Amino acid sequence: MARGQRDEDGDDSGTVVTPSAKFPPLAPAELDTLRRIGHRWRPGDAGELPVDPTLGRRPGRPQPGRFGRLAPIALFRPVEPDELVATERANLPGSRPGRALTRVRRAVLGPPLSSAAVLYERMRKLVALPVLSSDLLSSVAYGPEAMLGVLLLAGSGALALSLPLAAVLVVLMVAVGVSYRQTIVAYPHGAGSYVVAGENLGAGAGLAAAAGLMIDYVLTVAVSVAAGMHAVTSALPGLVPLTVPLGVLVIAGLLAGNLRGVRTAGRLFVLPTYAFVVALGAVLVVGWLQAAGRGFRPLPPPPVPAVEGLGLLLVLRAFASGAVSMAGIEAVSNAVPAFRPPEWRNARSTLGWMVAMLVVLFVGLTALIHLTGLVPAPGETLVSRLARVTFPTGPWYALVQAATALILLFAANTAFNGFPRLLFFMARAGHAPRRFLHMGDRLAFSNGLTALAVAAAVVFVLFRGRTESLIPLYAVGVFLAFTLSQTGMVVHWRRRRGPGWRRRLAVNGVGAVLSGLVLVTAAVSKFTEGAWLVVLAVPLIVLLLQRVHRHYRTLHGALAPRPPAGPGQPAGPGEGEELPQQVRHLVVVPVARLNRASLRALAYAVSLGRPTLAVHLAPEEAEADRFREQWRAWGDHVRLETIVSPYRAVIGPLAHYLEALHDAAPELMLTVIVPEVVLRRRWHRPLHSRAEQRLRQALRPLPGVVVTSVPVHLSE
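A quick note: this is a predicted structure, and the numbers were derived from the prediction, not measured.

Caption draft 1: The environment of Leu-640, seen in detail. Along the chain, the position of Leu-640 falls in strand β7 (residues 639-644). By relative accessible area, Leu-640 is classed as buried at 15%. Considered as a pair, Leu-640 and Val-589 are 51 residues apart in the sequence and their alpha carbons are 9.5 Å apart. Not counting the four nearest positions on each side in its chain, Leu-640 is found in contact with Ala-614, Val-615, His-616, Phe-627, Arg-628 and Trp-631.

Below, the structure written as structure tokens:
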């Protein structure tokens with residue numbers, strides 16, 4: 001179970017990420033209303049249950065049932081007098097194809113985990129560091145190149161600006177990193193930009209941050225896989241035509257790995273991240289030693305003619321492009337509950353190491369590229385060319401390139417950790433579908449993982465896996481979330497005013513200002529390059545999330561228990577009854593012909609002890625007369641109403657007739673009992689009209705109407 005830690009003011013955040021999150025507790029007012037309803041509940045004398053619900057007393061020896069070779073009694077075990085626990089066998093489907101599919105699924109994803117195992121599905125720091133930093137650290141493989149690619153538009157002479165721009169970016173990295181360390185302390189239960197901005201700036205700001213993060217996570221997967229495929233094709237140019245299908249296959253593999261659970265995914269992604277850090281560290285050490293051998297004299301870059309003037313706008317574009325190296329810095333604050341206790345302390349230490357490694361790799365790589373005189377060129381990444389220059393012989397280039405390709409491909413795993421948790425927090429507040437609260441067999445947010453994989457695959461295919469086309473879309477969503485989060489923390493410290501609040505407010509204020517400057521710069525300078533898509537998408541996503549929340553608010557208001565009506569007061573039309581004594585029944589049985597199915601439905605209806613009406617639709621008067629004769633021969637035990645349908649339609653007239661009955665007496669609860677033949681073989685279905693299902697669909701929109709079926713199973 002993921003438990004929050006106490007913050008500095010002593011507030012216990014409690015449990016926030018559990019398999020029971022989709023069953024929220026009732027509010028005190030709802031509990032009070034429920035008690036008032038219960039006091040007036042008069043169910044009547046139902047007698048003793050005809051079967052022991054605990055399955056504890058069963059005559060004779062349990063026998064296998066129709067759902068498989070296992071006896072039903074073995075699927076459950078008693079825990080308390082009124083509680084059973086479903087065993088793992090109870091999850092097996094009844095059909096052979098279903099069981100075969102389950103075996104395949106478990107072979108790929110592993111056996112299901114008990115809900116109690118969520119406590120152990122968490123990461124220690126040595127595992128969390130590579131899992132959550134893969135996106136952040138891998139971005140140095142394309143961030144400096146993106147910055148240099150923009151500067152190169154002004155000619156090779158403009159490349160000297162890369163060093164001062166890198167220095168400003170380092171200040172930004174440190175400021176944002178320290179700010180998020182404070183966010184972890186203030187929100188030890190785990191909170192990203194969505195929670196921080198929503199609590200301190202309002203729901204609209206929280207949704208805007210969530211929209212930016214959602215776009216960021218989708219682009220993280222697409223950009224990481226695109227950059228990884230570029231690294232692969234740099235070493236193996238023959239694979240260029242297969243970039244798109246191979247990239248989609250990688251996304252599918254990442255999805256499968258994460259569906260296996262946090263611990264399994266952590267073991268899969270630990271080695272690539274550490275291998276990349278070691279490989280790039282070796283390139284930096286050897287490269288800097290080579291530069292020291294020539295007195296740190298920069299080699300002149302090849303002459304490149306300018307295609308744009310060196311102005312402020314171009315410099316800002318280069319700065320915004322280099323800022324994508326910070327993508328993923330928020331992942332730790334969003335995943336605090338995924339750490340082992342003490343969660344917030346381990347998360348803060350992990351984030352500190354991540355930022356330190358990012359600064360060292362980014363500064364070392366940018367400066368070494370400047371010293372070696374390399375410039376971006378199509379067909380091969382700068383990291384690949386730098387590795388060739390540093391290791392001209394031996395297997396070292398291949399090892400560096402393999403490690404770079406792996407970290408870039410697996411960097412998407414950071415998004416697979418953050419995106420489902422973001423949707424979890426949003427769904428808990430009613431801003432996202434509640435299906436994203438569900439934990440799968442392996443205690444992973446399988447619905448959120450699948451949604452991310454599908455969205456990222458679509459974006460990857462649409463942009464043909466080209467990194468240079470995806471980068472301009474990246475910075476806006478990232479820094480929108482950064483800006484709103486840090487601004488929210490400024491408001492947080494002003495409200496709390498605890499010890500040292502001014503210092504903390506100043507740190508988050510610096511982070512907010514710098515992030516806001518990058519946001520405006522990226523939105524303006526890259527607007528025509530594709531950033532307009534993100535600028536347009538954010539308000540559309542916010543509008544969609546607001547509509548989702550409005551629906552759930554309406555649903556909650558409609559389903560919340562209401563105080564019972566006083567004596568003599570009507571409970572309300574249609575579906576306003578909440579007490580047994582308020583419910584007035586009329587049971588309606590549609591009868592097409594008098595056979596075993598319809599007779600069973602009539603017998604079941606009469607056994608309920610409620611007023612019962614049979615309805616028969618005939619295409620002409622002659623058939624109606626014949627059916628009435630058959631009805632009298634049966635004994636005329638139930639009131640029969642015949643409807644002549646001269647246009648031979650059945651479902652429409654029957655649905656309209658039931659609606660008319662309901663309008664004539666809105667206080668009645670109409671229970672429609674439909675006889676249904678259950679077919680054992682799928683190929684038999686086209687031989688039947690399936691009128692029962694069509695009638696059920698037609699009656700579903702009618703309020704105050706309950707539809708149930710009485711099945712008759714064919715023996716073959």
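Caption draft 2: Layout of the pattern of salt bridges. This model, assessed by the stated rule, comprises 3 salt bridges. We note a salt bridge from Arg-317 to Glu-308, for which the minimum N-O separation is 3.2 Å. Residue Glu-308 is classed as partly exposed on the basis of its relative accessible area of 34%. Of the charged contacts, one joins Asp-625 and Arg-628 as a salt bridge, the two residues approaching to 2.5 Å between their closest N and O atoms. Taken as a pair, Asp-625 and Arg-628 lie in helix α22 (residues 621-634) at a separation of 3 residues, close to a single helical turn.

Caption draft 3: Quick peek at the sheet that holds β7. The strand order β7-β6-β5-β8-β9 describes an open sheet built from 5 strands, whose pairing is parallel. Of all strands in the sheet, those bounded by a partner on one side alone are β7 and β9 (705-713). For this sheet, the mean angle separating the axes of adjacent strands, direction not counted, is 25°. Examined bridge by bridge, strand β5 (residues 584-590) and strand β8 (residues 668-678) share 5 bridges and lie parallel to one another. For Arg-584, the partnering residue across the bridge sits in β8 and is Leu-668. Contacting β6 (612-618) and β7, α22 runs over the sheet at an angle of about 165° to β7. Sheet strands in contact with helix α24 (residues 691-699) are β5, β8 and β9, and its direction is about 160° off that of β8.

Caption draft 4: Quick peek at the side chain of Thr-243. Examined against the element boundaries, Thr-243 turns out to sit in helix α8 (residues 243-259). A polar contact of 2.8 Å, which involves the side chain of Thr-243, links it to the backbone oxygen of Val-240.

Caption draft 5: Looking closely at the packing of aromatic side chains. Counted under the stated rule, the structure contains 8 aromatic pairs. Measuring from centroid to centroid gives 6.3 Å for Tyr-217 and Phe-419, while their planes differ by 90°, and the two rings are edge-to-face. Of the two residues, Tyr-217 is situated in helix α7 (residues 203-235) and Phe-419 in helix α15 (residues 412-428); the sequence distance between them amounts to 202 residues. On the basis of relative accessible area, Tyr-217 is assigned to the buried category, the value being 4%.

Caption draft 6: Structural view of the packing of α7 against α8. Look at α7 against α8: their axes get within 10 Å of each other, and the N-to-C directions meet at 125°. With respect to α8, the element α7 is oriented oblique. As for the relative orientation of α7 and α8, their crossing is right-handed in sense. Taken together, the residues of α8 that come into contact with α7 (itself represented by Val-221, Val-225, Met-229 and Thr-233) are Thr-243, Leu-246, Gly-247, Val-250, Ile-251 and Leu-254.

Caption draft 7: Broad picture of the nonpolar core. Ranked by size, the top nonpolar core spans 160 residues in total, and within it Val-221, Val-225, Phe-416, Met-426, Tyr-474 and Phe-479 carry the most contacts. In terms of residues, this core owes the most to one element, α7, which gives 21 residues. Setting aside residues up to four positions removed in sequence, Val-221 forms contacts with Ile-251, Ala-412, Ala-415, Phe-416, Leu-452 and Ala-456. Judged by nonpolar contacts, the second largest core, of 20 residues, contains Leu-654, Ala-655, Ala-665 and Val-674.

Caption draft 8: Representation of unusual backbone geometry in the model. Even without a glycine there, the phi angle at Phe-296 is positive, about 55°. The residue Phe-296 is located in the loop between α9 (262-293) and α10 (312-322) in this model. One non-glycine residue with positive phi stands out, namely Asp-636, at about 55°. Along the chain, the position of Asp-636 falls in the loop between α22 and β7. On the basis of relative accessibility, which here comes to 45%, the residue Asp-636 falls in the partly exposed class.

Caption draft 9: Quick peek at the pairing of β6. Of all 7 residues that make up β6, 7 are buried, and the element is covered over most of its length. Of the two faces of β6, the one holding Thr-612, Ala-614, His-616 and Ala-618 and the one holding Leu-613, Val-615 and Leu-617 are both buried throughout. Where β5 meets β6, 4 bridges bridge the pair, whose relative direction is parallel. Bridge pairing in β6 places Val-589 opposite Ala-614.

Caption draft 10: Focus on the packing of helix α13 (residues 382-390) against helix α14 (residues 396-410). Remark: α13 packs on α14, axes separated minimally by 9 Å, with the N-to-C direction vectors making an angle of 160°. Taken together, the axes of α13 and α14 are roughly antiparallel relative to one another. The handedness of the crossing between α13 and α14 comes out as right-handed. When α13 is examined against α14, the residues Val-383, Ser-384, Ala-387 and Arg-388 are found in contact with a partner set consisting of Tyr-397, Val-400, Gln-401 and Thr-404. Of the residues in the contact of α13 with α14, the class split is 4 nonpolar, 3 polar and 1 charged.

Conventions adopted
Residues numbered from 1 in each chain as written. Predicted model: local features only at pLDDT ≥ 70, side-chain atom pairs only at ≥ 80, totals over all residues. Heavy atoms only, no water. Helix = DSSP H or I, 4+ residues; strand = E, 2+ residues; numbered from the N terminus. Buried < 20%, exposed > 50% of the residue type's maximum accessible area, 1.4 Å probe, protein only. Contact = heavy atoms within 4.5 Å. Salt bridge = Lys/Arg side-chain N within 4 Å of Asp/Glu carboxyl O. Pairing = 2+ DSSP bridges. Axes fitted to C-alpha atoms, helices over the stretch in contact; angles between N-to-C directions. Polar contact = N/O pair within 3.5 Å; in protein donor to acceptor, adjacent residues only side chain to side chain. Phe/Tyr/Trp six-rings, centres within 6.5 Å; stacked < 30°, edge-to-face > 60°. Parallel < 35°, antiparallel > 145°, perpendicular 65-115°, else oblique. Left-handed = near helix turned anticlockwise from the far one by under 90°. Core = buried A, V, L, I, M, F, W, Y, C linked by side-chain atoms within 4.5 Å. Nonpolar A, V, L, I, M, F, W, Y, C, P; charged D, E, K, R; others polar.

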